[in-house]
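What the coordinates show
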Amino acid sequence: MTPSPPTSSTGIRFGTAYYWEYQQSPDLDRDLDLMAQARIDTLRVGESVWSTWEPRDGEFDLDWLTPVLDGAHERGMKVLLGTPTYAVPPWLQRKHPELAVVRADGRRIPWGARQEVDFTSPVFRRYAGRVIRQVVGHHGGHPAVFGIQLDNEPGLHLIHNEPVFERFKSWLAERYGDVGRLNEEWGLAYWSHRLGAWDELWPPAGNTTPSYDLAWRRFQAELTTEFIAWQAAVVRELVPQDRELTTCLAYQRPALHDVELSEHLTVTGGNAYYLPQDALARDSPPEITWFATGPAGLFQAADRMYAAKQRRFWVTETNAGSIAGSQLNLPPNDGQLRQAAWALVARGAELISYWHWHTLPYGAETYWGGILGHAMEPGRLYREIAALGAELARAAEDVTGLTPDADVGFVYSHDSKWALTFQPPLTLDGRNPDNDSYERILATFYQGAADAGLQAAFVTPTQVKRLPTLVAPALYCLSAATARALEAYVRGGGHLIMTFRTGYADEEARARTEIAPGPLRALAGVRYLEYSTLLEPVPLHGLGKRDVARHWADALELEGAEPLAFYDHHHFGRWPAITRHRVGAGTVTYVGTLPGPELTAELFRQERPAGLVTTESPRVTVHSAVNARGERLWFAHNWSGQESTVTLTAPATEVTGRREPLLPGPLRLAPFDVKVVK
């Protein structure tokens, strides 16, 4: 069953995770009053404390949350109630040690963190279903509860338990029919891997076959999706139909296909963590990790969340104070909380929820800062969040139902990401594989689009839509259907930017036995029979810029395309690095290397749109979105500690601040400032 779209509400929900049960000296009324004064209207509760809900097997303590729900309701707040299935109690792991997740090396994950159990097990489902029915059945109908969060950050582990492996063999049999076909599709004659029966399939821990690994990753992501779908079905039997269903997605999870999973939710929810202070400056390069660096990293995280359902989303966790543990204490600079929140709103966030209200005095996240510190006294962060809450409340009518604009689309391929994790094309140290190669290539071109002043949107290979520019970054696992869609896009007038590794393999992650880039060769107007790792950067020039080529070089031969950029090198200089080919009404740009930031941005520069707000400052970004009334809002961010300006090209009204009418001309942005105008 596909859930209904979320119910409409006015403005942006403003929230925090609130764990009253964690506090040693709780003062509930004081907490809720402080939240209300800060315009916090949404609480996220209950997802991490199964052992509090069920301290002993079959013994439930459910009423401890009632004062929180009642107090929230009295103050007009709404509550997102979590199912506690991702953090199992000690009595369950002691009673059923066989539930522990088995790693690829055969060792069981010891209990003591979270998400250590095989959630596919019927035994686990029995206990999990029971606690869900108790918690949600007891509280899901409370008037303060407006939604249920299903589990939390699912897909952390690839589960190698024996029953899961047996299920994988059945999964393969359903898809391939017989082992003969599997032998041919995966090339199992190699190294004597040919199977005579399904029981001869070797466990994934020893696997070296790319097609096997891709199938294993697809299967694991399906298990995660099925688990969330199962929870959604259980919860739907327990709550009124107007309750929203979501989860909190951590997009770096290895066993996650966010688009397929989100089909079982009414609204996508996820993490939008970022490294603040100088790492949030406009010129901060993208870092491939679980948190964003630089404005482009933050916008990219938001655009991925929007893409999961191609509609507005919830940020169920974002920074309040410092993140990343005791060794990296970086609370945001003045204004950065406001900057980040408005950036997320600009890209379609309907909820901004901070993790979390109070900083914990114990546990693994002792130094993961909340809105209040260990002293539990309101300080600078609380005052900034309160001011932001008031500002969002004043702008409520204007920011309702925002749909972000986009100038360039990025084709996101989970299959290509998984395949290039198993066989990465890049090395950062000249020896070891960069398992984040796919994300690094993607981030480089997203950063280039952002540096050129463009707004992006993510699409899956089956969601190619009409945008002036479409980027296929390292679209390694290319299907015939996607190749046809890309050709139709170009012939219809679009500009396609292809990178190296695009089209090199098929849906089984097999390298194509044809001249690269395979089915896209005629479209690109180039061919290549050779490619090379670049152990050192190579000077590059073209499009009026000088830059460097990094990590990779395709030996491109022209077949109708024109060269745009060249290597300054005694060997690689014989081949162009970047080419352009006109096909039908459209254009294909082929990028055979990983360019530096100057040349990458120049690839997008001609696509820069005109609008109400323009800027020439490298410290400023400008985004736009259309609200429910059909009005276009413009969001101008100054990501530096220096004053800057933008230019209004027509009369406007400021949505932030004093809502004054503004005349065409310069508009001042203070350090770390945001202005929203319409």
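Every chain begins its residue count from 1, and numbering advances along the sequence as written. Residues qualify for local features only when their pLDDT is at least 70, as the model is predicted, and side-chain atom pairs are given and counted only at 80 or more; totals for whole chains, interfaces and linings, by contrast, use all residues. Side-chain metrics in this entry use all non-hydrogen atoms of the structure; hydrogen atoms and water are not considered.

1. Re the overall build of the chain
When helices and strands are counted, the chain shows 18 helices and 29 strands. Radius of gyration: C-alpha atoms only; globule rule: 2.2 Å multiplied by the number of residues to the exponent 0.38. Taken against the 2.2 N^0.38 rule, which gives 26 Å for 678 residues, the C-alpha radius of gyration of the chain at 26 Å falls within 12% of a compact globule. Taken along the three principal axes of its C-alpha coordinates, the chain extends 75 × 70 × 45 Å. Counting the 678 residues in the chain, one finds 61% classified as buried. Pairs of residues are marked as contacts when any of their non-hydrogen atoms sit within 4.5 Å. Looking at the chain alone, contacts between residues at least 24 apart form 72% of all its contacts between residues at least 6 apart. For the chain, the exposed area adds up to about 25700 Å²; of that, 50% sits on carbon and sulfur atoms. Within the chain, the 80 negative side-chain charges are centred at a point lying 3 Å from the centre of the 65 positive side-chain charges. The way it works is that DSSP assigns letters per residue, a run of H or I at least four long becomes a helix, a run of E at least two long becomes a strand, and they are numbered from the N terminus. Burial here depends on accessible area, computed with a 1.4 Å probe over protein chains only, as a share of the maximum for the residue type. Under 20% is buried, over 50% is exposed, and the range in between is partly exposed. The method behind every accessible area is Shrake-Rupley, applied with a 1.4 Å probe, and residues are considered shielded solely by the protein chains displayed. Neither His nor the chain termini are counted; the positive set is Lys and Arg, and the negative set is Asp and Glu. Charge coordinates come from a single atom per side chain, which is NZ of Lys, CZ of Arg, CG of Asp or CD of Glu.

2. Quick notes on the pattern of salt bridges
Note on pairing: side chains with opposite charge can pair once their charged atoms come close. One side-chain nitrogen of Lys or Arg within 4 Å of one carboxyl oxygen of Asp or Glu is enough to make a salt bridge. Throughout the structure, instances matching the rule amount to 49 salt bridges. Between Arg338 and Asp673 there is a salt bridge whose closest N-O contact spans 3.0 Å. Taken together, the positions of Arg338 in helix H11 (residues 336-346) and Asp673 in the loop between strand E28 (665-669) and strand E29 (674-677) put the pair 335 residues apart, joining distant regions of the chain. The exposure class of Asp673 is buried, given its relative accessible area of 11%.

3. Things to note about the confidence of the model for the chain
Values of pLDDT, which run from 0 to 100, indicate the predictor's confidence residue by residue. In the predicted model, the chain carries a mean pLDDT of 95, and 98% of its residues have values of at least 70. Here residues 1-8 is a poorly scored stretch, pLDDT under 50, and it has 16 contacts once near neighbours within four places are set aside; other chains count.

4. Thoughts on the packing of aromatic side chains
A pair of Phe, Tyr and Trp rings is counted when the ring centres sit within 6.5 Å of each other, with Trp represented by its six-membered ring. The angle between the planes then sorts it: under 30 degrees is stacked, over 60 is edge-to-face, the rest tilted. Across all of its chains, the model carries 41 aromatic pairs by this definition. Ring centres of Tyr504 and Tyr531 lie 5.7 Å apart, and the angle between their planes is 90°; on these two criteria the pair is classed as edge-to-face. One end of the pair, Tyr504, is in the loop between strand E13 (495-499) and helix H17 (521-524); the other, Tyr531, is in strand E15 (residues 531-542), with 27 residues separating them in the sequence. Given the relative accessible area of 17%, Tyr504 is considered buried. On the accessibility criterion, Tyr531 (37% relative accessible area) is partly exposed. Chaining the aromatic ring pairs together yields one cluster made of Phe168, Trp171, Tyr176, Trp186, Trp202, Tyr212, Trp216 and Phe219.

5. Considering the sheet that holds strand E19 (residues 576-583)
Between any two strands, pairing holds if DSSP finds at least two bridges. If you walk across this open sheet you meet the 10 strands as E11-E10-E12-E13-E20-E19-E18-E15-E16-E21, and the pairing is mixed. In the strand order of this sheet, the two ends are held by strand E11 (456-459) and strand E21 (593-595), each with one partner. Strand after strand, the sheet turns through a mean of 25° between neighbouring axes, direction not considered. In terms of strand pairing, E15 meets strand E16 (residues 545-554) through 9 bridges, oriented antiparallel. Orientation is described by lines fitted to C-alpha atoms, with helices fitted over the stretch in contact, and by angles between N-to-C directions that extend from 0 to 180 degrees.

6. Structural notes on the sheet that holds E29
The strand order across the open sheet formed by 4 strands is E9-E23-E24-E29, and the pairing between neighbours is antiparallel. With one partner strand each, in any of the chains shown, strand E9 (403-404) and E29 form the two edges of the open sheet. In the sheet, E9 pairs with strand E23 (residues 620-626) via 2 bridges, with the strands oriented antiparallel. Of the residues in E23, the one forming a bridge with Pro404 is Ala625. The sheet contacts of H11 involve E9, E23, strand E24 (632-638) and E29, and relative to E24 the element is tilted by about 150°.

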